[in-house]
Structures are given as structure tokens and as C-alpha cells.
Amino acid sequence: MREYIFYFLAFVSIISALMVVFSKNPIHSVLYLVICFFSIAGHYLILNAEFLAVVHVIIYAGAIMVLFLFVIMLLNLNKESEPHKPAIIKFASVISGSLLVLVLVAALLKSENLNLPASTHPSMHSIGMVKDLGKSLFTDYLLPFEISSVLFLSAMVGVVLISKKEA
Amino acid sequence: MLVLNTFANWNWVLITDKLILIGILFAVALGIAAYSTLAERKIAAFMQDRIGPDRAGFFGILQPIVDGVKSIMKEEIIPGRAHKFLFILGPCIFMTVALMTYAIIPWGKDLFINGKPFSLQLADLNVGILYSFAIVSLGVYGIMIGGWASNNKFSLLGAVRASTQMISYELAMGLSLIPIVMMASSLSLRDITEAQAGWNWNIFYQPLAFIIFFTCALAECNRTPFDLAETESELIGGYHTEYSSMKLALFLFGEYVNVFVSATIISILFLGGYHFPGMENLGLSPNWLSIVSICTLFAKIFFMIFVFMWIRWTIPRFRYDQLMKLGWQIFIPLCILNILATGLVMTLFTR
């Protein structure tokens, strides 16, 4: 049963990710991206990572995509008003996209003989639960956790500084 | 993940139990939301020294049914230049999302049927509170999509107002609950309820968090004094200006479902959920105790719904800049101070 759920979610996420790129209307792209995020949250649930799934929905679907929707709705981007991109930009984006695919495929091929513990292993069952996650964040990974919080703080200060009218 | 594992092992007994519970909850939630509309009109009438609706049935008891039939029979208008699919999708998302929070509410103590415990909670997620926040943050989509798809400037402005307000108050709402989570040391609503047995209600320990959460709940539901999304004098009807017939009714009705959800969450987090003092000493059998606990929870919910309505008909509307100032500059610092104070008191007095 778990496999069927996985295949369904994988199908939904791939189709919606493709539709993000192919749909002409930017609003549709944003909505497809939201669907894509939901299916990825579903993948996290299959892997027993409840906390990650819920936080993924709160942050990506609930906050970031709403801001995207705001900007696109207020700018009123449409098929007609979208500027035609010059050939050089298309060429550059094809090259950089192919490079990214190359790196991803190489990483996937390499990771085959890493022998990762399967998600069904008993020790992996509870790692996504809030209590265990909190414990490991505040013991094993304390330094990276604190450093990333400093990063967020500085980003927030930067936003306040930029958005002030008289700089 | 309880739900996924249930399906993975094809536990049909559990699945039928849950489906029955879902059916009951659906009927109860919509019934209470329907009668909230009547209650609101009656309370408004009482506060303004009028009689209120009294033609349909005794005391106007059939009024919600009459209203429902009327909205279904009305002509359905989709504006010519509106985006048809999204226009219909907007109210659907709004209503669906409003109903989704019920999955994690513990409605009472377990019932025992043929000696087997029957949990009155659809899913006891160990991230319960976070789940409810995820649902709240999705409520914005229905409003945004509906307002934009109407292709009307007033609708769009109303939608933008409503969603900025909801996003801004989500932050203070989330922060105000952290002290509660710290005290119960769990995110599960069942554990938080169990931690409040007897008189240990969170409202007595965390009055500031209660006030902030309650105000944020008013703002999240877009109700007076924060109903700036539909200020008639500025924006006609707000995001549902272009809507008619049942789709308009879904938006208005979804608001009452949201009020019911908020009242439930407040009762569970701050008013002790299904507990009341001396409940364990009544000497009742487990099944009667369960029924009494359900009634207790619903009494608290109805009281909170009444408070929501009481506020709506007595307090005037805020100005938009006052609203934003209250959310960002007053509530968020107060929440952070509350978290620090709670942490300090907990470390000093529990060791």
C-alpha cells in the first residue's frame, strides 16, 4: 500500500512540477507549485517525518507561495504583457539547466553505493518526531542550528534596513 | 503517521470507525455553523433592542434552512471577464480548509463500545498545533484566488487586505502559543488537554497569551473589529463583491465554520478542553463520563461563540494602520516577552 501511495504522490509532484514550467498563465504556475509542495509534504509523511511535512506546508505553501501570489496578482502579469526574451538568455538558461541536470545525475549515481539506512529501519522510525528532532537539534547539531539562526537574524535586519524609506 | 499506517495495514475496523466519526463531525460542524447565523442575528437584535428573525418557525428556528434554500434557488452569476475555474475554486477551497481542522480536535474522553475504546479524536497527531497552523495559513488561498478571479479591483483590494491581515496575525498567534507548548511539553492537543485537568486551565497561568490569541483569532476570522476586508464604505463587499447565490453563501458560511473552529481551539488550549473541576470524583461510568465531557466542551465552545458575537456587535472597526500596528508592534514583542517570562519562571520554580 505504501508503494501505491508513493507512486501516486510521485506522479502528482512530477506532473505539477512540469505544469509549473509549461503553463502560460503565471497564476496557474503558482497554483501548480502549491500542489507540488503538497505532494512533497506527502512524501515526508511516508518517511515518518511529520514535523518536516507540517513545517513544509506552513512555510512554503502557507507563507512563501502566498507572497508569490500577491506579487503576481498585483503586477497583473499576463500572457500578453510578458516580454519576449532574447535568444541569448534562452541559450544561457538551456546551458545552465543542463549543467544542473548533469550534477544531479552524477550525485544520484554516486549515492547508490552509500548504503543509507532504509526508512523502515527501527532507528529511523522516530527521528522525524518533534521530541527526537528537538533533542538532536539542541545536542548533536547545536552549532549549525545557532549559526543558521544568526543568519536569519541578519537577514531580517537587512530586510528592515532595505525597506525603510529614508536610507 | 497514524492515518497512513492505517491504510497501509488495511485495518478496516479502524477505517469504518473513523469514517463514522467523520460523518458525525461533518454534520455537527455544519449544523452548528448554520445555527450560528441565526444566533448571530438574534444576538444582534437583542443588543439593538429589536426582535430579530421570528417568522420561520417558533423563535425563527427554521431561518437557517430558509436562508439555505434561498441561496441555492438564486440566480448564479459569473462575471463575463472573470477566470471561471478559479472563480468557482475560491469558495470551495475556503470551505474545505475551514472544515479540515476538526481532524485533530479531541472532543471528549474515550467511549467504550462493547468494551473497546472508541477515540473521539480523528487523528492524535504529535504535531497537532502545527497542523492547525498549517490549515489556518492555507485559508488565505480561498480568499486570494476568489478575489483575484473576480477580475474586479474592489475584490482584489479586499482579498489583499484580508490576506495581509491573516498573514500578519498568524505570527503573533503562533508565538502566543509557545508558552502553552512549553508548559505541556507537547504539541499534541490531547496532551495539552490532559495537562489542564481540574482547575489547571491555561487561561489562569497564561492570561496574556489568552488575550493575544483571542484577538488574533478574531483577526484570522475577519470579524469585527478587524473586518477591514469588507468595509462597505470603502470596498463595497470586499473579496466576495462579485459572488452570488450559493458561492457567496459558502464564503459567508465558511466564516461561521471558522468561528466555530476558533472557539473550539480556544476552549481546548485555554479553557481546559473537556475537563471541569471535580470531573473524576462524580463516580460515573466511563461512558457517562465521556458524554459529560463532550457536553462540557460544547458548553465552552458555545460560550466562546457568544463572546465572538458579543464583540462583533459592541466594538467599532479598527483603522487599517491601527490593525497593522497592533499586530506587528504590540503583539509580537509582548509574545516574545511572555515566552521569556514563562521560560524563566519554569526554570526557577520547577527545579
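Rules and cut-offs
- Residues numbered from 1 in each chain as written.
- Chains lettered and ligands numbered in written order.
- Predicted model: local features only at pLDDT ≥ 70, side-chain atom pairs only at ≥ 80, totals over all residues.
- Heavy atoms only, no water.
- Helix = DSSP H or I, 4+ residues; strand = E, 2+ residues; numbered from the N terminus.
- Buried < 20%, exposed > 50% of the residue type's maximum accessible area, 1.4 Å probe, protein only.
- Contact = heavy atoms within 4.5 Å.
- Core = buried A, V, L, I, M, F, W, Y, C linked by side-chain atoms within 4.5 Å.
- 1 Å grid on protein atoms, 1.4 Å probe; cavity = no way out; pocket = protein on both sides within 12 Å on 5 of 7 lines; lining within 4 Å.
- Points joined across faces, edges and corners; volume = space filled by probe spheres on them.
- Nonpolar A, V, L, I, M, F, W, Y, C, P; charged D, E, K, R; others polar.
- Buried area = accessible area lost by both parts, 1.4 Å probe.
- Salt bridge = Lys/Arg side-chain N within 4 Å of Asp/Glu carboxyl O.
- Polar contact = N/O pair within 3.5 Å; in protein donor to acceptor, adjacent residues only side chain to side chain.
- Patch = residues over 30% accessible without salt bridge, like charges linked within 9 Å, V, L, I, M, F, W, Y side chains within 5 Å.
- Areas by Shrake-Rupley, 256 points an atom, 1.4 Å probe, with all protein chains shown as cover.
- Expected span 1.5 Å × (residues − 1).
- Phe/Tyr/Trp six-rings, centres within 6.5 Å; stacked < 30°, edge-to-face > 60°.
- Lys NZ or Arg CZ within 6 Å of the ring centre and 35° of its normal.
- Domains from an automatic or database assignment.

All names here are of chain B. Among the secondary structure elements, Gln165 is positioned in helix α6 (residues 153-184). Among the residues examined, Gln165 registers a relative accessible area of 0% and is labelled buried. Among all residues touching Gln165, those that are not within four sequence positions of it are Ala219, Asn222, Phe226, Leu228, Tyr320, Leu323 and Met324.

The subject of this paragraph is the nonpolar core. Among the nonpolar cores identified, the biggest contains 114 residues, and Tyr102(B), Trp107(B), Ile129(B), Phe260(B), Ile266(B), Leu269(B) and Phe270(B) are the most heavily contacted of them. In contact with Phe260(B), other than residues within four places in its own chain, are Ala29(B), Ile32(B), Tyr102(B), Trp107(B), Phe298(B), Ile301(B) and Ile305(B).

What follows deals with empty space enclosed by the protein. Empty space among the atoms can be located by rolling a probe the size of a water molecule over them. Residue and element names in this part refer to chain B. The tally for this structure, following the rule as stated, stands at 2 cavities of 30 Å³ or more. Of the pockets and cavities examined, the largest cavity occupies roughly 320 Å³. Of all the elements in the fold, those that place two or more residues in the lining of the largest cavity are α4 (84-100), α5 (128-149), α6, α9 (207-220) and α11 (245-270). The element contributing the most residues to the lining of the largest cavity is α5, with 6 residues. Looking at side-chain class alone, the lining of the largest cavity contains 17 nonpolar, 5 polar and 1 charged residues. Size it by volume and the second largest cavity reaches roughly 40 Å³. Lining the second largest cavity are Phe94, Ile143, Met166, Glu220, Cys221, Asn222, Tyr239, Phe251, Glu255 and Asn258. The element best represented in the lining of the second largest cavity is α11, accounting for 3 residues. By residue class, the composition of the lining of the second largest cavity is 6 nonpolar, 2 polar and 2 charged.

Frequently, the measure chosen for interface size is the accessible area that the parts lose on association. Contacts between chain B and chain A engage 28 residues on the former and 29 residues on the latter. Summed over both partners, the interface of chain B with chain A buries about 2,500 Å², with 77% contributed by carbon and sulfur atoms. Joining chain B to chain A, the criterion identifies 0 salt bridges. Linking chain B with chain A are 2 residue pairs in polar contact (both at pLDDT 80 or more), by the criterion used here. Those elements giving two or more residues to the side of chain B that touches chain A turn out to be α1 (2-8), α5 and α6 of chain B. The element best represented in the side of chain B that touches chain A is α5(B), accounting for 11 residues.

A contiguous nonpolar surface patch, about 650 Å² in accessible area, is contributed by Tyr35(B), Ile61(B), Leu62(B), Ile65(B), Val66(B), Val69(B) and Met73(B). Here the nonpolar patch gets 4 residues from one element, more than from any other, and that element is helix α3 (residues 63-73) of chain B.

Along its 21 residues, helix α2 (residues 26-46) of chain A runs 31 Å from first to last C-alpha, staying within 8% of the 30 Å computed at 1.5 Å per residue. Of the residues flanking the start of α2(A), the one acting as N-cap is Asn25(A), its side-chain oxygen 3.1 Å from the backbone nitrogen of Ile27(A).

Residue and element names in this part refer to chain B. Going through the model one piece at a time under the given rule, you end up with 20 aromatic pairs over all chains. Ring centres 5.5 Å apart and planes at 10° place the aromatic pair Trp107 and Phe298 in the stacked group. Here Trp107 is found in the loop between α4 and β1 (111-113), whereas its partner Phe298 is found in helix α12 (residues 286-312), with 191 residues between them in sequence. The buried category is assigned to Trp107, whose relative accessible area is 6%. An aromatic cluster is defined as three or more aromatic residues linked by ring pairs; in this entry it consists of Tyr102, Trp107, Phe260, Phe298 and Phe302. It is Lys42 that lies over the ring of Phe59; its NZ or CZ is 4.1 Å from the centre.

All names here are of chain A. Assigned domains within chain A: domain 1 (1-80) and domain 2 (126-167). The distance between the C-alpha centroids of domain 1 and domain 2 comes to 24 Å. Contact with domain 1, which involves 4 residues of that partner, is made by 4 residues of domain 2. With both chains or domains summed, domain 1 and domain 2 bury close to 340 Å², and 72% of this area falls on carbon and sulfur atoms. Among the residues domain 1 hides against domain 2, the three largest losses belong to Asn48, Glu50 and Phe51. Together they make up 92% of the total. Remark: the boundary between domain 1 and domain 2 carries 0 salt bridges. Between the two partners, domain 1 and domain 2, sit 0 residue pairs in polar contact (both at pLDDT 80 or more). When the residues that make up the side of domain 1 that touches domain 2 are grouped by side-chain class, the tally is 2 nonpolar, 1 polar and 1 charged.

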